[in-house]
Every structure is written in C-alpha cells, then in structure tokens.
Amino acid sequence: MPDDLTQRLTHPRYPRSSAYDARWTIENQMGPHALWLLEWLAPALGLDALPPGARVLDLGCGRAMTSVFLAREYGVQVTAADLWIKPDDNAGRLAEAGVADRVLPVLAEAHDLPFAEGTFDAIVSVDAYQYFGTDDLYLPTLARLLKPGGRIGVVVPSVREEIDGTEPPEPLEPFWEPAFWCFHSPDWWRRHWTRGGAVRVEAADWLTDGWRDWLLWSEVCAEESPSEFMAGMARESAEMLRVDQGANLGFARVVGRRG
C-alpha cells in the first residue's frame with residue numbers, strides 16, 4: 001500500500017510523474033512540481049515521437065529532476081544546464097538515478113550557452129524560462145541551437161490575463177514581488193514568440209486548474225520539505241494561491257518549431 005505522502009501526490013493527470021518517489025521530488029524541488037509540468041508539456045512538444053538518443057537541452061534544470069525524467073521516460077540524451085546548481089551536485093543525483101550515461105550536467109548562463117548551432121532535437125525549460133525569455137532578443141539566439149524542424153517547449157508560471165497598469169491585482173498585493181512581473185499570459189507568450197519570427201508557434205495555452213496542482217504541491221512541501229527555506233517559500237505560495245483561487249495565477253505552456 002502506498003504511504004500517505006505518495007497517495008497525496010498521486011495525480012490522475014500525471015501518471016508518469018506519480019511513479020516517482022514522492023520524497024525524492026520534495027527533497028529536490030525548487031518551486032512548482034517540475035515533473036507534473038514537464039508531463040503536461042510533453043505531448044505538445046512531441047517528446048514521445050523523438051527517436052532514441054535524440055539530443056535534448058534541459059535549460060534551467062535546477063536539481064535535474066526533469067533531466068532524469070526526460071532520460072528515463074523518453075530515452076533521450078540530455079544536456080542538463082543550470083546556473084545555480086553546480087554540475088558536481090547534479091552529477092551525484094544523476095548517478096543515483098541511474099542516468100549518468102544519458103545526462104550531462106553543465107554550468108551555463110542562459111545568455112551564454114556553449115553549444116553549436118543545430119545541436120539539439122528539442123529544448124525544454126520548466127519554471128525557468130520566465131527569468132530570461134521575456135527579452136525580445138532571446139528566443140532567436142536560443143532557437144539557433146535547434147536542428148531545423150526541432151521544437152522548443154516551456155512551461156512558466158503565468159497570469160490568466162495581462163495585468164494593466166503598474167499595480168498587481170488587489171488580492172495579490174500583499175504577496176507580490178517585483179520578479180512576478182515576468183509572469184505573462186498565454187496570449188502574451190504567443191505574440192512574443194510570433195513577433196520574433198524564430199519559430200512557428202504551435203501551442204500557447206493555459207493549464208486548466210493548474211493553480212490547484214500548484215496549491216496542493218505547495219501545501220505538501222510546506223509540511224514535508226527538509227529545507228526550512230523551501231518550506232517557508234511553499235507556505236507563502238500556498239497562502240497566495242488560496243487567496244487568488246485561480247482568478248489570476250496558473251501556468252502557461254508554449255511550444256514553437258524552428259523552420
């Protein structure tokens with residue numbers, strides 16, 4: 001019988017993610033449930049259609065949970081790039097997960113990626129792209145790393161509709177941080193990527209009831225995280241999401257194909 005924690009985090013929408021050890025996901029989380037978000041992204045990105053050994057860049061991989069998932073679930077070769085988590089740290093996690101031969105951890109800043117044009121069959125970014133991808137000039141630089149016909153797919157915290165003016169929605173004002181202004185609507189992301197001309201946008205949509213998933217995950221992490229810092233962040237997120245009740249906050253999925 002699964003324990004209580006496993007039962008709480010077994011989600012019918014994310015069957016693949018639910019097979020992963022719940023405690024492992026909590027210990028390595030750095031925000032919303034990255035495996036749930038990647039599993040939502042996967043069909044639109046066509047990950048199941050990639051040939052074995054296809055090369056995938058996991059940009060802003062954090063503690064490499066998404067890189068483990070990509071290697072195990074889709075049989076691809078992953079470059080796990082992050083600025084905050086050092087490669088040696090992730091290398092240990094990858095070895096423990098049995099994917100050290102399929103995932104290469106690298107230290108990289110998103111604006112200075114040390115890869116040649118046409119290196120990757122796909123690029124993935126989960127809960128990271130909002131920190132650097134709102135720059136009008138960024139996507140064309142990143143898309144050149146894709147092979148022709150390759151796709152880039154991201155999932156980012158989002159607002160349902162763009163916020164007018166310079167103040168957040170009133171219920172969210174006590175929780176709002178300047179960094180939250182990088183949260184944009186799916187329509188904003190579609191326009192942003194279309195204007196650049198670097199990719200043909202194939203999806204830009206909203207995760208139905210994504211705020212409920214985010215809230216559940218935050219509540220669990222607030223109780224179970226071994227890091228008081230991460231537990232505190234989870235408590236703040238949970239309080240904010242309970243106040244918002246899905247009126248503003250959730251997740252956007254954006255997928256584009258290089259011509």
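The structure under discussion appears in the preceding block.
Residues numbered from 1 in each chain as written. Predicted model: local features only at pLDDT ≥ 70, side-chain atom pairs only at ≥ 80, totals over all residues. Heavy atoms only, no water.

Q: When you look at the overall build of the protein chain in this model, what are you seeing that I'm missing?
A: Across its full length, the protein chain holds 10 helices and 7 strands. For the protein chain, the C-alpha radius of gyration of 18 Å lies close to 18 Å, the compact-globule estimate for 259 residues. Here the C-alpha coordinates of the protein chain stretch approximately 50 × 45 × 30 Å along the principal axes. For the protein chain, buried positions account for 56% of its 259 residues. If you sum the accessible surface of the protein chain, you get close to 11,700 Å²; carbon and sulfur atoms cover 51% of it. Computed over 24 positive and 39 negative side-chain charges, the separation of the two mean positions in the protein chain equals 7 Å. (Helix = DSSP H or I, 4+ residues; strand = E, 2+ residues; numbered from the N terminus. Rg over C-alpha atoms; globule rule 2.2 N^0.38 Å. Buried < 20%, exposed > 50% of the residue type's maximum accessible area, 1.4 Å probe, protein only. Areas by Shrake-Rupley, 256 points an atom, 1.4 Å probe, with all protein chains shown as cover. Lys, Arg positive; Asp, Glu negative; His and termini not counted. Charge placed at Lys NZ, Arg CZ, Asp CG, Glu CD.)

Q: I keep staring at helix 8 (residues 186-196) and nothing clicks. Help me out?
A: Helical periodicity: at 3.6 residues per turn, an α-helix aligns residues three or four positions apart in one direction. Those residues of helix 8 lying buried are Pro-186, Trp-188, Trp-189, His-192 and Trp-193. Seen along its axis, helix 8 keeps its buried residues to an arc of 160 degrees; they face one direction. The outward face of helix 8, more than 90 degrees from its buried face, is lined by the exposed residues Asp-187 and Arg-195. Elements that come into contact with the buried residues of helix 8 comprise helix 7 (138-143), strand 5 (146-159), strand 6 (200-206) and strand 7 (249-257). Once helix 8 finishes, Gly-197 follows within two positions and takes phi at roughly 75 degrees, a positive value. (Arc of directions from axis to C-beta. Contact = heavy atoms within 4.5 Å.)

Q: Is there a simple way to explain the sheet that holds strand 2 (residues 77-82) in this structure?
A: Strands sit in the order 3-2-1-4-5-7-6 across an open sheet of 7 strands; the sheet is mixed. Two strands close off the open sheet at either side, each with one partner strand: strand 3 (103-107) and strand 6. In this sheet, neighbouring strand axes are inclined to one another by 15 degrees on average, regardless of whether the strands run parallel or antiparallel. Inspection of the sheet shows strand 4 (residues 120-126) paired to strand 5 by 6 bridges, in the parallel sense. Among the inter-strand pairings, Val-126 is bridged to a residue of strand 5, identified as Val-155. Across the sheet, helix 9 (residues 210-224) touches strand 5 and strand 7, and the angle it forms with strand 7 is around 115 degrees. (Pairing = 2+ DSSP bridges. Axes fitted to C-alpha atoms, helices over the stretch in contact; angles between N-to-C directions.)

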